[in-house]
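Coordinate inspection notes
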Amino acid sequence: MSQLLTIAAEEMESPLVPPIPELVIGLIAFVIVFGFLAKKLLPNINKVLEQRREAIEGGIEKAEAAQTEAQSVLEQYKAQLAEARHEAARLRQEAQEQGATLIAEMRAEGQRQREEIIAAGHTQIEADRKAAAQALRQDVGQLATALAGKLVGESLEDHARQSRTIDRFLDGLDETASKAEAAR
C-alpha cells in the first residue's frame, strides 16, 4: 500500500506547481543572472541612455542656437537686400538725372551747331551773292560798253570812262529795282 500511497500522493501534486528543489535551483539561477545583468549590463545601459539624453538635449540646444543664428543671418540678409535695393534705386535716379542733363546738353550743343551752320550758310550765300553781283556787274559793264560803242559809233575803250558809264548804268538799274520793290 505504501506504493499506492506514493502514487496517490504523486497524483495529488498539481502539474502547475513545480517541485520545490527545482523551484529553489531556478530561483538561485535567476538571482545570479539578475545580479550579473544588474552589475554589468545595467550601468552600461544607463550610461548609453544618459549619453543619448545628453546628445538629444545638446542637439536641441545646438538646433536652437543654429536657428537663432540663422534668424540673425536672415535679418542681416534682409537688411543688406533692402540697402542694396535702395542703393540701386538711388543709382537709377542719378543715371536718369545724368541722362536728362546729357540730353539737354546735347540738344543745346546741336542747336548751337545748327545756328553756326545756318550763320555760315548765310555768310557763304551773301559772299556768293556779292561775288555773283560783281561778276555780273563786270559782264554787264563789258556788254554795255560794247553796245554803247556800237550805238555811239566810237570806241569806249578808255577804262575810266568805261567805269563811270557802267557805274551810272548799274546805279540806274539798282534805283529802278528799288522803286519796283517799294511799289509792291
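Here, every reference points to the structure presented above.
Summary of the structure given here. Remember, it's a predicted structure, so these values are computed and weren't measured experimentally. (Residues numbered from 1 in each chain as written. Predicted model: local features only at pLDDT ≥ 70, side-chain atom pairs only at ≥ 80, totals over all residues. Heavy atoms only, no water.)

A word on the pattern of salt bridges
For the structure shown, the criterion picks out 9 salt bridges. As a salt-bridge pair, R114 and E115 come within 3.2 Å of each other at their nearest N and O atoms. By relative accessible area, R114 is classed as partly exposed at 43%. A salt bridge links K179 to E175; the nearest nitrogen and oxygen atoms lie 3.8 Å apart. Separated by 4 residues within a single helix, K179 and E175 lie in helix α3 (residues 159-183), roughly one turn from each other. One salt-bridge network, in which partners are shared between bridges, spans E50, R53 and E57. (Salt bridge = Lys/Arg side-chain N within 4 Å of Asp/Glu carboxyl O. Buried < 20%, exposed > 50% of the residue type's maximum accessible area, 1.4 Å probe, protein only. Helix = DSSP H or I, 4+ residues; strand = E, 2+ residues; numbered from the N terminus.)

Thoughts on the packing of aromatic side chains
Under the criterion given, the structure shown has 1 aromatic pair. Ring centres 6.1 Å apart and planes at 20° place the aromatic pair F30 and F34 in the stacked group. Taken together, the residues F30 and F34, both in helix α2 (residues 20-152) and 4 residues apart, mark about one turn of the helix. You can call F30 exposed: its relative accessible area is 55%. Residue class for F34 comes out exposed when judged on its relative accessible area of 54%. (Phe/Tyr/Trp six-rings, centres within 6.5 Å; stacked < 30°, edge-to-face > 60°.)

Re a nonpolar patch on the surface
Taken together, the side chains of V33, F36, L37, L41, L42, I45 and L49 present a nonpolar region at the surface, about 630 Å² in accessible area. Tracing the chain through its elements places L42 in helix α2. What makes L42 partly exposed here is its relative accessible area of 42%. (Patch = residues over 30% accessible without salt bridge, like charges linked within 9 Å, V, L, I, M, F, W, Y side chains within 5 Å. Areas by Shrake-Rupley, 256 points an atom, 1.4 Å probe, with all protein chains shown as cover.)

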